[in-house]
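Breakdown of the fold
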Amino acid sequence: MVVNVERLLLMKEFKEADKDVLTARLKAIEALIRSYTNNNFQNRNMRIVAPSRDGIIQGHSPYIKVGDTVQISQSKVNDGLYEVIEATDDLIKVDGELYDYPCNMVTKVIYPADVQKGVIDLMIWEKENRHKVGIKSETLSRHTVTYFDQDSNNQVMGYPVSLLGFLKPYVKARF
């Protein structure tokens, strides 16, 4: 996952948050970032090809540890992002269901520190401002609310453009 849920739960903004809700939001933001940037953030030097049997990857990499995010690709049945929940000298267990398949390419995913910080900022914005989306100004006396246009000039993926500037260096061309 792009940011560890336990790390978020230690922050004052998320002390009272439900762990499952935070996990779901983080997965959604991670998918949006990967789609928007066309970047899978894989470290191709930290890769193994191994079979999966009984829901476990039958292989080992000294670079893959518990808590890491891995992407399985080229397997046709297990492709996706997973979090490593156990890693020993001969197997890797992940948090999702794996089907038996003779060849899974398992690659470690590493998000840069600025992307992690940006995701935390998005999570804080989501918590504090999502219910105010579209409000440009609000007056309390005589209660006036002005809404602004939500178009491609001031929002991307449902977030203000100003919050997504951290992604610019990671956008890759689409062909």
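Just above, that's the structure.
Residues numbered from 1 in each chain as written. Predicted model: local features only at pLDDT ≥ 70, side-chain atom pairs only at ≥ 80, totals over all residues. Heavy atoms only, no water.

Right, let's get into the packing of aromatic side chains. For any two aromatic rings, the description comes down to two numbers: the centre-to-centre distance and the angle of the planes. For the coordinates displayed, the defined rule picks out 3 aromatic pairs. Centre to centre, the rings of F41 and Y111 are 5.0 Å apart; their planes meet at 45 degrees, and the pair counts as tilted. In this pair, F41 sits in the loop between α2 (19-37) and β1 (42-53) while Y111 sits in the loop between β6 (101-109) and α3 (113-129), placing the two residues 70 residues apart along the sequence. For F41, a relative accessible area of 5% translates into the label buried. The exposure class assigned to Y111 is buried, which follows from its relative accessible area of 6%. Among the aromatic side chains, those forming a connected cluster through ring pairs are F41, Y111 and Y170. (Phe/Tyr/Trp six-rings, centres within 6.5 Å; stacked < 30°, edge-to-face > 60°. Helix = DSSP H or I, 4+ residues; strand = E, 2+ residues; numbered from the N terminus. Buried < 20%, exposed > 50% of the residue type's maximum accessible area, 1.4 Å probe, protein only.)

The side chains of a regular strand alternate between the sheet's two faces. In this structure, β1 lies alongside β6, joined through 7 bridges in antiparallel fashion. In the sheet register, V49 faces β6, and the bridge partner there is M105. As judged from the 5 bridges shared by strand β3 (residues 69-73) and β6, these two strands associate in the antiparallel manner. Following the sheet pairing, S73 is matched in β6 by M105. (Pairing = 2+ DSSP bridges.)

Our focus in this paragraph is α3. Here α3 contains 17 residues, and its C-alpha end-to-end distance of 24 Å stays within 8% of the 24 Å for a straight helix at 1.5 Å per residue. Inspection of α3 places V115, G118, V119, I120, L122, M123, I124, W125 and E126 among the buried residues, and these make up the whole buried set. (Expected span 1.5 Å × (residues − 1).)

By size, the foremost hydrophobic cluster in this structure holds 26 residues, and its most contacted members are L8, L26, V115, V119 and M123. Taken together, the elements giving at least two residues each to this core come down to α1 (5-9), α2 and α3. In terms of residue count, the dominant contributor to this core is α3 (7 residues). When neighbours within four sequence positions are excluded, L8 is seen to be in contact with V3, F14, L22, L26, I120 and M123. (Core = buried A, V, L, I, M, F, W, Y, C linked by side-chain atoms within 4.5 Å. Contact = heavy atoms within 4.5 Å.)

A word on the environment of V171. By the secondary structure assignment, V171 is in the segment after β10 (159-160). Considering only alpha carbons, one finds V171 and R34, 137 residues apart in sequence, at a separation of 9.1 Å. In contact with V171, not counting residues within four places along its chain, are Y36 and T37.

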